[in-house]
Amino acid sequence: WAFEGVDGYPDSSGLDLGDRGTYGSLAVDSAGFVWAAYYDQGAKTLRYAKRHPRLKAWKTGIADVGDGVSPDAGRFSSIAIAADGNPVIAHHDHGAGTLRKARWNGTGFVGSVFDAGDPIAAGDTGSDEPDTAPNVGQFVKLKIIGGVEYMAYYDAANGDLKLAIGDTVHVVDDAGDVGKWPDFAVVGDTVHIVYQDAGLQQLKYATGAPGAWDISVVDTAPYTGADTALYVEAGAPKVVYFQGRENDMKHATLADGAWSSRMLLTEGAVGFHN
């Protein structure tokens, strides 16, 4: 492994540039440029870095600043290369409670709201408390498959798992408080999504297409289902995930209509941020 400092390190004057690099995501375009998206914790902005394939030098800058009275954009950043060959970044605007996308236009990124979310009205809850403000876009995972932009993400205000296909947003699961730590794959016309049921602390799986989802439970062990990583091998969906009670990494496979799981790594605290 070769290490390169990208951003946040002291500059030539010795001044500390800040606390940068959480929620990091990486993509490589067809010309070999490496693109990174990440959160600036001090400035509360979404930043980007671009590495030249020949010069091996990094250029950095601000990708999006978000909206609201107290802007705080860039959490859960997820970057991919769009059909036009340019990078696009999905991220959560914590200040406004929205899901945003920032697109490269040749000279810089331009950000906009993709999903503003929906509040929960007090009348829907049977409570006299004020409405719950929108809060959508946490744990967003962006993938571009066949030129189509897919995003799986959590609607925290409503406790729902959402999936965006292009510009259309679908609710995949709304049973309880579900949708944290999603990951997904698209095989042909079938979408496979794994995610956590935060209320029951279980790992769940949805497969199918919008309007026709088959939902099952992968693992019912307590404190299970965070930090998922899904892949499909020989037609079988498989997932690596975190088991919080013992701080272990687990692996589950779907075969003959049933999920089976096993411990993958158990020494120390392992399995975070797969």
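Per-chain numbering applies: the sequence of each chain, read as written, is numbered from 1 onward. Totals for whole chains, interfaces and linings use every residue, but because this is a predicted model, local features are given only for residues with pLDDT of at least 70 and side-chain atom pairs only at 80 or more, for both listing and counting. Computation of side-chain values covers all heavy atoms of the structure but excludes hydrogens and water.

Undergrad: Can you walk me through the pairing of strand 15 (residues 202-209) in this structure?
TA: Each regular strand shows side chains that alternate between the opposite faces of the sheet. Three exposure classes are used, based on accessible area relative to the maximum for each residue type with a 1.4 Å probe and protein chains only: buried under 20%, partly exposed in between, and exposed over 50%. To qualify as a helix, a DSSP run of H or I must reach at least 4 residues; to qualify as a strand, a run of E must reach at least 2; elements of each kind are numbered from the N terminus. By the criterion of burial, strand 15 is predominantly enclosed, with seven of the eight residues buried. One bridge is not enough; two strands pair if DSSP finds at least two bridges between them. Of the pairings in the sheet, the one linking strand 14 (residues 190-197) to strand 15 comprises seven bridges and is antiparallel in character. Bridging from a neighbouring strand, I193 pairs with A206 of strand 15. When strand 15 meets strand 16 (residues 212-219), the two strands line up antiparallel, connected through seven bridges. Bridge assignment links K204 to a residue of strand 16, and that residue is V217. The turn joining strand 15 and strand 16, which pair antiparallel and follow one another in sequence, is formed by two residues; a positive phi near 90° is taken by G211.

Undergrad: Sorry, what's going on with the packing of aromatic side chains here?
TA: Aromatic rings considered in pairs are described by the distance between their centres and by the relative angle of their planes. Each Phe, Tyr or Trp ring, with Trp reduced to its six-membered ring, pairs with another whose centre is within 6.5 Å; inter-plane angles below 30 degrees give stacked pairs, above 60 give edge-to-face pairs, and intermediate values give tilted ones. Throughout the structure, instances matching the rule amount to 14 aromatic pairs. On the basis of an interplanar angle of 45° and a centroid distance of 6.3 Å, the ring pair of Y150 and F184 is categorised as tilted. Here the residue Y150 occupies a position in strand 10 (residues 148-155), and F184 occupies one in strand 13 (residues 178-187), the gap between them amounting to 34 residues. By relative accessible area, Y150 is classed as buried at 11%. Connected via pairs of aromatic rings, a cluster forms that spans Y23, Y39, F76, F139, Y154 and W181. Both a distance and an angle decide whether a charge sits over a ring: NZ of Lys or CZ of Arg must be within 6 Å of the ring centre and within 35 degrees of the ring normal. A cation over an aromatic ring shows up here: K50 above the ring of F33, its NZ or CZ 4.7 Å from the ring centre. Here the guanidinium or amino end of K101 rests over the ring plane of F114, the centre of that ring lying 4.9 Å away.

Undergrad: Would you take a moment to explain the side chain of D219 for this structure?
TA: Inspection of the secondary structure assignment puts D219 in strand 16. Taking the relative accessible area as the measure of exposure, D219 reaches 6% and is therefore buried. Counted as a polar contact is a pair of N or O atoms within 3.5 Å, where, for protein atoms, one must be capable of donating a hydrogen and the other of accepting one, and residues adjacent in sequence contribute only when both atoms are in side chains. Within the structure, D219 has its side chain in polar contact with the backbone nitrogen of A221 (distance 2.9 Å). A polar contact of 2.6 Å, which involves the side chain of D219, links it to the side chain of Y241. The contact criterion used is simple: two residues touch if any of their non-hydrogen atoms lie within 4.5 Å. Setting aside chain neighbours within four positions, we find D219 in contact with Q202, L203, T224, Y241, K250 and S261.

Undergrad: So what exactly am I meant to see when it comes to the environment of L203 here?
TA: In this fold, L203 is placed in strand 15. Residues contacting L203, with those up to four places away along its chain left out, are V194, Y195, V217, V218, D219, T224, G225, T228, V239 and Y241.

Undergrad: What should I look at first to understand unusual backbone geometry in this one?
TA: Residues apart from glycine generally show negative phi values, whereas peptide bonds are mostly found in trans. One non-glycine residue with positive phi stands out, namely K44, at about 60°. Despite not being glycine, K56 has its phi angle at roughly 55°, a positive value. Tracing the backbone through its elements, the reader meets K56 in the loop between strand 3 (45-51) and strand 4 (58-64).

Undergrad: Even after reading the chapter, I still don't get the sheet that holds strand 10, so can you show me in this structure?
TA: As a general point, the strands of a sheet are linked pairwise by backbone hydrogen bonds and lie either parallel or antiparallel. Spatially, four strands are ordered 9-10-11-12 in an open sheet, and the strand pairing comes out antiparallel. Because the sheet does not close on itself, it has two edges, and the strands there are strand 9 (136-145) and strand 12 (168-173). For this sheet, the mean angle separating the axes of adjacent strands, direction not counted, is 20°. Two strands pair when backbone bridges link them, and strand 11 (residues 160-165) and strand 12 are joined in this way by five bridges, in the antiparallel orientation. Pairing of L161 across the sheet is with D173, part of strand 12. Angular values range over 0 to 180 degrees, each being the angle between N-to-C directions of two axes fitted as lines to C-alpha atoms, with helices fitted over their stretch in contact.

Undergrad: Explain the pairing of strand 19 (residues 248-255) here, please?
TA: Of all eight residues making up strand 19, seven are buried, and the element is well covered by its neighbours. Here six bridges tie strand 18 (residues 236-243) to strand 19, and the two strands are oriented antiparallel to one another. Residue pairing across strands places K238 opposite T253, the latter belonging to strand 19.

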